[in-house]
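Topology and contacts: notes
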Amino acid sequence: MQTYLTLPSPFNPEDTIHLLEPVDADRNAVLRQVLSGEYAKPFVIDDADTRSLHFSLSLIQSTMQRRNAWALELEYTQAMMSFWLFIPRPRRILMLGLGGGSLAKFCHRQLPASEVCVVEIDPHVIAFRDLFDVPADGERFQIIEADGAAQVAEAARTGARFDVVMMDAFDRYGLADSVSSAAFYRQVAEILSGRGVMVANLAGEKDARAEHLAMLGEAFDGRLLCINVPEGNDVVLAFANPAFEPRWRELANQAKELRKRSGLDFPKFVQWLERSQRHYWG
């Protein structure tokens, strides 16, 4: 069990902050680093309702409801589950980036027949897994400490295949450099099964997002749909099957069933995806 240094939050003494520091650390010095932005490790802040993983004060990486650890609190994470409309029974899911484990936990619970492999480069992020109630490693769930792009390259080398690849690979500076290349996206396309889907969360500067969209479009021959999430993220779905065409009426019916099953607003996601086809497809 990981031991954390837990202190009253410097922002609200009724809240707490969890840090990966020894219990005898200079508490005032650590908090000064957090406030100044010099603190280099992720940290966790609890309030009465939520537990949030931070890379800095201005960047919340993940949020969990403390009374419902399995729920998807942020709308962009809910939108990333829209792959479920197209792959009802994924056998293998590869996630690039753990964060607070929201998507990993949700897939582990909602898709009991799926194997979920999560790749996270930062051991400090992994160290918080118990605070976020991330499942223990087992037959159908594991977390690997590695670079996501390197893991994709290794999967391509060995011929491994996944039905879904989910990318939420951010550090405190934005999208990780290792996933910011055309070669990376081509390798993702290579490791997807015949009807596989990549789901990418894009956030940050407009020019950087445009570059990633262009690289995705090249790797997947323009087979892209995009949800512009009101929170500010772009969730992009890229489809491996060259013959795939979305059937919106069927998807609308599936969305109603998935909403009953999961509580997520899949009908809204279908509307957003259909609207995006005019702008991103082909």
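Look up: the structure comes first, before these words.
Only a predicted model underlies this, so the values are computations on that prediction, with no experimental measurement involved.

**A few points about the sheet that holds strand 8 (residues 141–145)**
Spatially, seven strands are ordered 8-7-6-9-12-14-13 in an open sheet, and the strand pairing comes out mixed. Both edges of this open sheet fall to strand 8 and strand 13 (224–228), since each of them pairs with a single strand only. With strand direction ignored, the average angle separating the axes of adjacent strands in the sheet is 15°. Sheet analysis places strand 6 (residues 92–96) next to strand 7 (residues 115–120), joined by five bridges and oriented parallel. Its bridge partner lying in strand 7, leucine 96 is registered against valine 119. Packing of helix 9 (residues 266–280) onto the sheet brings it into contact with strand 13 and strand 14 (234–239), and relative to strand 13 it is tilted by some 125°.

**Points about helix 7 (residues 206–219)**
With 14 residues, helix 7 should reach 20 Å at 1.5 Å per residue; the first-to-last C-alpha distance of 20 Å fits that figure. For helix 7, the set of buried residues is Arg209, His212, Leu213, Met215, Leu216, Gly217 and Ala219. Trailing helix 7 by a residue or two, aspartate 221 shows a phi angle of about 50°, which is positive.

**Looking at the nonpolar core**
In this structure, Met81, Phe83, Phe86 and Met166 are the most contacted members of the largest nonpolar core, which totals 59 residues. Sorting elements by how many residues they give to this core places helix 9 first, with five residues. Those residues in contact with methionine 166 that sit more than four places away from it in its chain are Met80, Met81, Phe83, Ile93, Leu94, Met95, Leu96, Leu103, Cys107 and Val199. Counting 36 residues, the second-largest nonpolar core is a separate cluster that includes Cys117, Val188, Leu213 and Ala240.

**Some remarks on the environment of alanine 48**
Mapped onto the elements, alanine 48 comes out in the loop between strand 3 (43–46) and strand 4 (50–56). C-alpha of alanine 48 to C-alpha of glutamate 14: the two residues are 34 residues apart in sequence and 8.3 Å apart in space. Among residues more than four places away in sequence, those in contact with alanine 48 are Asp15, Arg66 and Arg67.

**Thoughts on the environment of proline 112**
Position of proline 112 relative to the elements: it lies in the loop between helix 3 (102–110) and strand 7. Here the alpha-carbon distance between proline 112 and arginine 89, two residues 23 residues apart in the chain, equals 9.5 Å.

**So, helix 1 (residues 27–36)**
Among the residues of helix 1, Val30, Leu31 and Val34 are the ones counted as buried. Axial view of helix 1: buried residues confined to an arc of 95°, hence all on one face. Exposed residues lying more than 90 degrees from the buried face of helix 1 are Asn28 and Arg32. On its buried face, helix 1 is in contact with strand 1 (5–8), strand 2 (16–19) and strand 3. Between a side-chain oxygen at the N-terminus of helix 1 and the backbone nitrogen of asparagine 28 the separation is 3.3 Å; the capping residue is aspartate 26. With its phi angle positive at about 85°, glycine 37 sits one or two positions after the end of helix 1.

**Concerning the sheet that holds strand 3**
Judged by pairing direction, the sheet is antiparallel, and its five strands sit side by side in the order 1-2-3-4-5 without closing on themselves. Bordering the open sheet on either side are strand 1 and strand 5 (59–65), each of which pairs with just one other strand. Taking the axes of each pair of neighbouring strands and ignoring which way they run, one obtains an average angle of 25° across the sheet. Where strand 3 lies against strand 4, four bridges are found, and the strand directions are antiparallel. For aspartate 46, the partnering residue across the bridge sits in strand 4 and is arginine 51. Packed on one face of the sheet, helix 1 meets strand 1, strand 2 and strand 3 and runs near 95° to strand 2.

Reading guide: rules and limits
Residues numbered from 1 in each chain as written. Predicted model: local features only at pLDDT ≥ 70, side-chain atom pairs only at ≥ 80, totals over all residues. Heavy atoms only, no water. Pairing = 2+ DSSP bridges. Helix = DSSP H or I, 4+ residues; strand = E, 2+ residues; numbered from the N terminus. Axes fitted to C-alpha atoms, helices over the stretch in contact; angles between N-to-C directions. Contact = heavy atoms within 4.5 Å. Expected span 1.5 Å × (residues − 1). Buried < 20%, exposed > 50% of the residue type's maximum accessible area, 1.4 Å probe, protein only. Core = buried A, V, L, I, M, F, W, Y, C linked by side-chain atoms within 4.5 Å. Arc of directions from axis to C-beta. Polar contact = N/O pair within 3.5 Å; in protein donor to acceptor, adjacent residues only side chain to side chain.

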